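Descriptive analysis of the structure
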Amino acid sequence: MAGAVTVHLTEKSAQRPKHINESAGVRIVLISVALLFLVLIVLLPLVSIFTEAFKRGAEVYFAALRDPDAASALKLTLMAAVISVPLNTLFGVAAAWAISKFRFSGKNILITLIDLPFAVSPVISGLVFVLLFGAQGFLGPWLSDHNIQIIFALPGIVLATTFVTFPFVARELIPLMQAQGVQEEEAAASLGAKGWQIFWRVTLPNIKWGLLYGIILCNARAMGEFGAVSVVSGHIRGETNTLPLHIEILYNEYQFSASFAVASLLVMLALVTLVAKSLIEWKTAQKTPKGDG
């Protein structure tokens, strides 16, 4: 019996991850380095933003948030996110469905194009839209003749935001749907289910948490986008400035308290997004079956 117990413990030790066998000193050093990096790179900048925002008192802080230009920037930021995120969600689901469920020529090209915004500078993407839709651009004369304004207006901001954020939902869903395979959809089809029935009752329940995770990441990126929006917006104060652009203008005008106050608003939106992301991750972990070990 003692020999069996010893063999069982030896097997358990062999299966144990190597990091658990590290000495206490090594673990303390690794954890300390991670925490120090987190404090210096993340926590201190966040604390300094709120410290500077309230440096001249709560009255100045809330006055900066009540400023009409700040309200306009917040409204425009939310509008761009509300329009671009659903568009990217539709594209992400369609692209992930096509890539993971079907075989077709050009699949690798499609995957590469989805990753394009990760490789291209946002400023370059903004310039591309100016070359296409600007007054001297390829479609500029036609748009001018039909009294359609894209650059230096909401449509241009939405286009730029959509471009830089469209990989997030697709890139979250593609590996998830590829790992799930097509067995459940094929079983549903063999029982007589139609395309939309299969999607709503089989595919969507399997990907809903990954989809929500991708939407949250896409929304966070959309609200914080600066480079591409800066190029296509024209920096028209109170009209085409989003929150990041408004913060830059205030800072360049040496209105530091106001700029940090508006920045704190953007940080709070980011923190709400982070909380939602953490809840989705927790919910996903709850749904994931635990191993036997």
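Residues numbered from 1 in each chain as written. Predicted model: local features only at pLDDT ≥ 70, side-chain atom pairs only at ≥ 80, totals over all residues. Heavy atoms only, no water.

**What about unusual backbone geometry?**
The cut-off we apply is this: Numbered from the N terminus, helices here are DSSP runs of H or I no shorter than four residues, and strands are runs of E no shorter than two. Throughout, exposure labels follow a simple rule: accessible area from a 1.4 Å probe, protein chains only, divided by the maximum for the residue type, with under 20% read as buried, over 50% as exposed, and the rest as partly exposed.
Despite not being glycine, Phe152 has its phi angle at roughly 65°, a positive value. Within the secondary structure, Phe152 is located in the loop between α8 (140-145) and α9 (154-165). Overall, Phe152 belongs to the partly exposed group, its relative accessible area being 40%. At His235, a position not held by glycine, the phi torsion is positive, near 55°. Position of His235 relative to the elements: it lies in the loop between α13 (227-233) and α14 (243-252).

**Concerning the environment of Gly126**
Under the convention used in this document: Here, two residues are considered to be in contact whenever any of their heavy atoms come within 4.5 Å of each other.
Relative to the assigned elements, Gly126 resides in helix α7 (residues 122-133). Sequence-distant contacts of Gly126, that is, excluding residues within four places in its chain, are made with Ala228, Val231 and Val232.

**With respect to the UniProt feature "transmembrane region" (unreviewed entry) in the protein chain**
What counts, and what does not: UniProt positions are given in the numbering used here, feature names are shortened, and annotations may be inferred rather than shown by experiment.
Under the present numbering, the feature "transmembrane region" (unreviewed entry) in UniProt falls on residues 28-50, 70-97, 109-135, 147-170, 211-236 and 256-280. Between the first and last C-alpha atoms of residues 147-170 the distance is 34 Å; the span itself is 67% helix and 0% strand. The annotated region residues 256-280 carries 100% helix and 0% strand content, and the separation between its end C-alpha atoms amounts to 36 Å.

**Some remarks on the pattern of salt bridges**
Pairing is possible between side chains of opposite charge, provided their charged atoms come close. Just so we agree on the cut-off: When a carboxyl oxygen of Asp or Glu is within 4 Å of a side-chain nitrogen of Lys or Arg, the pair counts as a salt bridge.
All chains considered together, the criterion is met by five salt bridges. Two residues, Asp69 and Arg237, come together in a salt bridge whose shortest N-O distance is 3.2 Å. Remark: Arg237 occurs in the loop between α13 and α14 and Asp69 occurs in helix α4 (residues 68-101); sequence separation between them is 168 residues. Relative accessible area serves as the criterion here: at 22%, Asp69 is assigned to the partly exposed category. Note that Arg171 and Asp115 form a salt bridge whose closest N and O atoms lie 2.9 Å from each other. In this pair, Arg171 is assigned in helix α10 (residues 167-180) and Asp115 in the loop between α5 (107-114) and α6 (116-119), connecting sequence segments 56 residues apart.

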